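# Tertiary structure, described
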Amino acid sequence: MFSIGLLSTAKINIEALLNPVRRRDDCQITAVASRHWEKAQNYAVHHTIPKAYGSYQALLEDHQIDAIYISTPNSLHSSWVKAGLEAGKHILCEKPLVCSYQELTELKNLALRQNLLFMEAMHYQYHPALIDFFRLIDVGILGPLSYVSAKLRYYRPPVGDIRLDPHLKGGCLMHLGCYCLDAITRIIKHPLEFTNLHLTERTPAIDLACHGTLTTTNQAIKAEFVCDFSGEVFDSEIKVVGDKGEVLLTSALNPAVIQGFIHDIFSLKTTFPDIPLLSSGKGRNTYDFQLDYFISLLKEKDHTPRLNEQATILLEKGSILVNDLLKEPM
Ligand SMILES: NC(=O)c1ccc[n+]([C@@H]2O[C@H](COP(=O)([O-])OP(=O)(O)OC[C@H]3O[C@@H](n4cnc5c(N)ncnc54)[C@H](OP(=O)(O)O)[C@@H]3O)[C@@H](O)[C@H]2O)c1
């Protein structure tokens, strides 16, 4: 039985960890930590968690805890991953893991030295439908690729939300673009460069919607992404075009719960008449599959870091471009 501690009382804890943990019997949430003792205590009572800590450091000092789930704002991921690894805890950290390639490399090396699992909670990729989708492309059904796009639109965050705070690494690129860049770099296995990035909606301080274009260094494959906080909807898609055809997977980056056939939720449109059906999740969502994977790695003692270096490189470059654009007057 693995013992997991929650580092923060974030909203995402419930869907991403508390509910999936309740649906299985090989791990448990044994403690929650908040910056505020009373908040931790109320949270622990509400969610039936045995222990509450009034500081994140106190959680890390609990010797009964094997792994930490980090769900702080983006700007704090790196320092708490470091502290968690130094305290000997396996880490499942929310996306985007970190904001720079240098931070990622330092944390990866620390995890390897400590022989601890360090995994980004990039949940969508663990759904069997997505595993099938990436595999179909990897085996070459589309032939040589020429174009990949990823889009993710989410509801406008309310005033005061961490997504609207530049000091907490908010903004649509950090919160939504990280998924798009993850998907693009999983499909295109060659280094990519930005050819353009522009903000389609912004406040004086933060990017609300942006559109980026990328290319491989030999210009053979183009890529494009749209991330958008300004919409009324939560939807997403990945499109891949090759010499032999194209596929479009809608709802690709959403935390899907599939009750029936895969096509009820994931809509796969393809130019192939006989493309195989993607696997159904049988009612389980992307967070269930993410936790399956995390726990299976712990059971197997496979501590190879699960992160996406190419996506982090692009996220860092993209955020420099975004920050330059935000310096321009509106
Ligand atoms: N995987 C997904 O589907 C998904 C979805 C949404 C968000 N996320 C990621 O999950 C993380 C949390 O997102 P969320 O929307 O759940 O956040 P949230 O509800 O605003 O919670 C963030 C938590 O971080 C802690 N915190 C520490 N320093 C803080 C500060 N200076 N300002 C505000 N909070 C601070 C707070 O916990 P205490 O007060 O208890 O210390 C707070 O409850 C982000 O990294 C985000 O990118 C992932």
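Remember, predicted model here, so these are calculated numbers, not experimental data.

This brings us to the overall build of the protein chain. Regarding its fold elements, the protein chain presents nine helices and 13 strands. Computed over the C-alpha atoms, the radius of gyration of the protein chain is 20 Å, within 12% of the 20 Å expected from 2.2 N^0.38 for a compact globule of 330 residues. C-alpha extents for the protein chain along the principal axes are approximately 55 × 50 × 40 Å. Expressed as a percentage of its 330 residues, the buried residues of the protein chain come to 44%. In the protein chain, the proportion of contacts linking residues at least 24 apart, taken out of those at least 6 apart, comes to 68%.

Let's shift gears to the environment of R284. Relative to the assigned elements, R284 resides in the loop between β13 (267-270) and α8 (286-300). Accessibility expressed as a C-beta count within 10 Å gives 18 for R284, which makes it partly exposed. Placed 104 residues apart in sequence, R284 and C180 show a C-alpha to C-alpha distance of 23 Å.

Here the protein chain is described as being made up of domain 1 (2-121) and domain 2 (125-287 + 314-327). The C-alpha-based centres of domain 1 and domain 2 are spaced at 26 Å. For the side of domain 1 that touches domain 2, the leading source of residues is helix α1 (residues 12-22), giving three residues. Of the residues contributing to the side of domain 1 that touches domain 2, the split by class is six nonpolar, three polar and two charged.

Time to look at unusual backbone geometry. Here K95 and P96 are connected by a cis peptide whose omega angle stands at -15°. Counting through the fold element by element, P96 comes out in the loop between β5 (90-94) and α5 (101-114). Positive phi outside glycine occurs at S8, with the angle close to 120°.

This next bit is on the site of the ligand. Not every one of the 23 residues close to the ligand is listed here, only the nearest: T9, A10, K11, I12 and S34. Partitioning the shell around the ligand into residue classes produces nine nonpolar, nine polar and five charged.

So, about the pairing of strand β2 (residues 27-33). Of all the seven residues making up β2, five are buried; the element is thus mostly covered by neighbouring parts of the structure. Relative to β2, strand β1 (residues 2-7) runs parallel, the two being bridged by six bridges. Paired with L7 across the bridge in β2 is A33. Handedness of the crossover joining β1 and β2 through α1: right-handed. Of the strand pairs in this sheet, β2 and strand β3 (residues 51-53) are connected by three bridges, and their pairing is parallel.

We now examine α5. For α5, spanning 14 residues, the distance from its first C-alpha to its last is 20 Å, which sits close to the expected 20 Å at 1.5 Å a residue. Along α5, the residues classified as buried are L104, L107 and A111. Viewed end-on, α5 has its buried residues packed into an arc of 75°, placing them on one side of the element. Turned more than 90 degrees away from the buried face of α5 sit Q102, N109 and R113, all of them exposed. Next to the buried residues of α5 lie α4 (77-86), β6 (118-121) and α9 (309-327). Within two residues after α5, N115 carries a phi angle of roughly 55°, on the positive side.

A few words on the packing of α1 against α8. At a closest axis distance of 9 Å, the pairing of α1 and α8 adopts a crossing angle of 70°. If you check the angle between α1 and α8, you find them roughly perpendicular. Considering how the two elements wind past one another, α1 and α8 form a crossing that is right-handed. Within the contact between the two elements, α1 uses E15, A16, P20 and V21 and α8 uses Y287, D288 and L291. Looking at the contact of α1 with α8, its residues break down into five nonpolar, no polar and two charged.

What follows is about the sheet that holds β13. What the seven strands build is an open sheet, ordered β8-β9-β10-β7-β11-β12-β13; its pairing is mixed. Looking along the sheet, the strands with just one partner apiece sit at the ends: β8 (192-202) and β13. Within this sheet the neighbouring strands show an average axis-to-axis angle of 10°, counted without direction. Bridging between strand β12 (residues 245-250) and β13 involves four bridges; their strand directions are antiparallel. Within β13, the position partnered with L248 by the bridge is K269. Against the sheet, α9 touches β8 and β9 (207-216), its axis set at about 45° to β8.

Conventions used here
Residues numbered from 1 in each chain as written. Predicted model: local features only at pLDDT ≥ 70, side-chain atom pairs only at ≥ 80, totals over all residues. Helix = DSSP H or I, 4+ residues; strand = E, 2+ residues; numbered from the N terminus. Rg over C-alpha atoms; globule rule 2.2 N^0.38 Å. Buried ≥ 20, exposed ≤ 12 C-beta atoms within 10 Å, placed from the backbone. Contact = placed C-beta atoms within 7 Å. Domains from an automatic or database assignment. Nonpolar A, V, L, I, M, F, W, Y, C, P; charged D, E, K, R; others polar. Near = placed C-beta within 6 Å. Pairing = 2+ DSSP bridges. Right-handed = clockwise from strand over helix to strand, strands pointing away. Expected span 1.5 Å × (residues − 1). Arc of directions from axis to C-beta. Axes fitted to C-alpha atoms, helices over the stretch in contact; angles between N-to-C directions. Parallel < 35°, antiparallel > 145°, perpendicular 65-115°, else oblique. Left-handed = near helix turned anticlockwise from the far one by under 90°.

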